[in-house]
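Summary of the model geometry
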Amino acid sequence: MNKKLLVVICLLSLWSCTSESGLEGLWIVQKVRMGEQEVTPNARWTRFHGDFSQQSGNGWFQHSYGSWTFEEESRELSIVNVNGLTDSNGPFQVQLEGDRMTWTREEEGQQIVVSLERATELPATYGDQVMGLWKLENAVGTHAPFDSSQQQTNSLFLRWDKRFDIRSAGGRVRGVYNVHGHKPEIEFIPYGDKWERSFWKIDFSQDRLSLELLNGEEVVKREFVRVYEFPN
């Protein structure tokens, strides 16, 4: 047999093996149930490549990578993250119906059910949505690191590197922030000992951001609008 023809046949065979599973592409996790409890992470995704490599992340951030194998006969999926911990729970049992997929297996004595849907773009987490510069429009209540009035607090800058910068007539407060992986909540951790950390509920709608204090006895709210230059 001609060597070039043999190479083509081998390549076609390899392509058919990697394509028959139907798993290749980007999948977004829609729901995760552990027993009777829902534990769905925010904007979790996995991308399966035809060369049996895979990438995983939340929102616009990729945090895992490795390989995957799929046993067609048993419908078992195994995922290995080379930068993660060893998965001792065994493979997932897979049900694939068009653009929807379900994984099931047992973890810690409880059944895990993961519902996924095929996608073409990465989803955005709460943290991705609120990134950027915000100008204060309305304030209710008093709580640091925000000043108590609209006139004093001018802007909140949430940077991509998880640092924040609050600018007001009284000065600047800087620190780091964390966005919850499952709920629309943000934590501000100011630098130094002057300010305490605080937790706020996120309400985001297009170019408007509302924060409501969670770890306080009084009602404290801050409402912002997205801007592209620091207010004077």
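Placed above this text is the structure.
Figured I'd write up the structure that's included with this text. (Residues numbered from 1 in each chain as written. Predicted model: local features only at pLDDT ≥ 70, side-chain atom pairs only at ≥ 80, totals over all residues. Heavy atoms only, no water.)

**Quick look at the side chain of Gln54**
Defined as follows: By definition, any uninterrupted DSSP run of H or I lasting at least four residues is a helix, any uninterrupted run of E lasting at least two residues is a strand, and each is numbered from the N terminus. Each residue gets one of three labels from its accessible area relative to the maximum for its type: buried under 20%, exposed over 50%, partly exposed in between, using a 1.4 Å probe on protein chains only. Contacts described as polar in this section are N or O atom pairs within 3.5 Å, which, within protein, must combine one atom able to donate a hydrogen with one able to accept it, while residues neighboring in sequence count only if both atoms come from side chains. In this analysis, two residues are considered to be in contact whenever any of their non-hydrogen atoms come within 4.5 Å of each other.
With respect to the secondary-structure elements, Gln54 resides in strand 4 (residues 53-58). Under the relative-accessibility criterion, Gln54 is labelled buried at 1%. Of note is the side chain of Gln54, whose polar atom sits 3.1 Å from the side chain of Ser56. At a separation of 2.6 Å, a polar atom in the side chain of Gln54 contacts the side chain of Asn81. Filtering out sequence-adjacent residues up to four positions away, Gln54 remains in contact with Thr46, Arg47, Phe48, His49, Ser64, Tyr65, Gly66, Ser67, Trp68, Ile79, Val80 and Asn81.

**Things to note about the packing of aromatic side chains**
The test is simple: The pairing test for Phe, Tyr and Trp rings, Trp by its six-membered ring, is centres within 6.5 Å, and the orientation test on the planes gives stacked under 30 degrees, edge-to-face over 60, and tilted for anything in between.
Under the counting rule described, the total for this entry stands at 7 aromatic pairs. Where Phe48 meets Trp103, the ring centres are 6.3 Å apart and the plane angle is 55°; that geometry is what we call tilted. Placement of the pair is Phe48 in strand 3 (residues 44-48) and Trp103 in strand 8 (residues 100-107), with a sequence separation of 55 residues. The pair Phe48 / Trp103 is uniform in exposure class, with both members buried.

**Here's the deal with the side chain of Ser56**
Tracing the sequence through the fold places Ser56 in strand 4. For Ser56, a relative accessible area of 3% gives the class buried. Here Thr46 takes part through its side chain, which lies 3.4 Å from a polar atom of the side chain of Ser56. Excluding residues within four positions of it along the chain, Ser56 makes contact with Arg44, Trp45, Thr46, Gln62, His63 and Ser64.

**Notes on the pairing of strand 8**
The condition that has to hold: Here a strand pair is declared whenever DSSP counts at least two bridges between the two strands.
The alternating pattern of strand 8 places Met101, Trp103, Arg105 and Glu107 on a buried face and Arg100, Thr102, Thr104 and Glu106 on a face that is not buried. Relative to strand 8, strand 7 (residues 92-97) is paired through 5 bridges, and the arrangement is antiparallel. Bridge pairing in strand 8 links Val94 to Trp103. Hairpin geometry of strand 7 and strand 8 is characterised by an intervening segment of 2 residues between the two adjacent antiparallel strands and by a positive phi of about 65° at Gly98. By the bridge criterion, 8 bridges tie strand 8 to strand 9 (residues 110-119) in an arrangement that is antiparallel. Across the sheet, Trp103 pairs through a bridge with Val114, a residue of strand 9. The hairpin formed by strand 8 and strand 9 contains 2 residues between the paired strands, and Glu108 there has a positive phi angle of roughly 55°.

**Describing the pattern of salt bridges**
Condition: Within this document, salt bridges are pairs made up of a side-chain nitrogen of Lys or Arg and a carboxyl oxygen of Asp or Glu, the two lying within 4 Å of each other.
Applying the stated criterion to the full structure yields 13 salt bridges. Note that Arg118 and Asp99 form a salt bridge whose closest N and O atoms lie 3.4 Å from each other. In this pair, Arg118 is assigned in strand 9 and Asp99 in the loop between strand 7 and strand 8, connecting sequence segments 19 residues apart.

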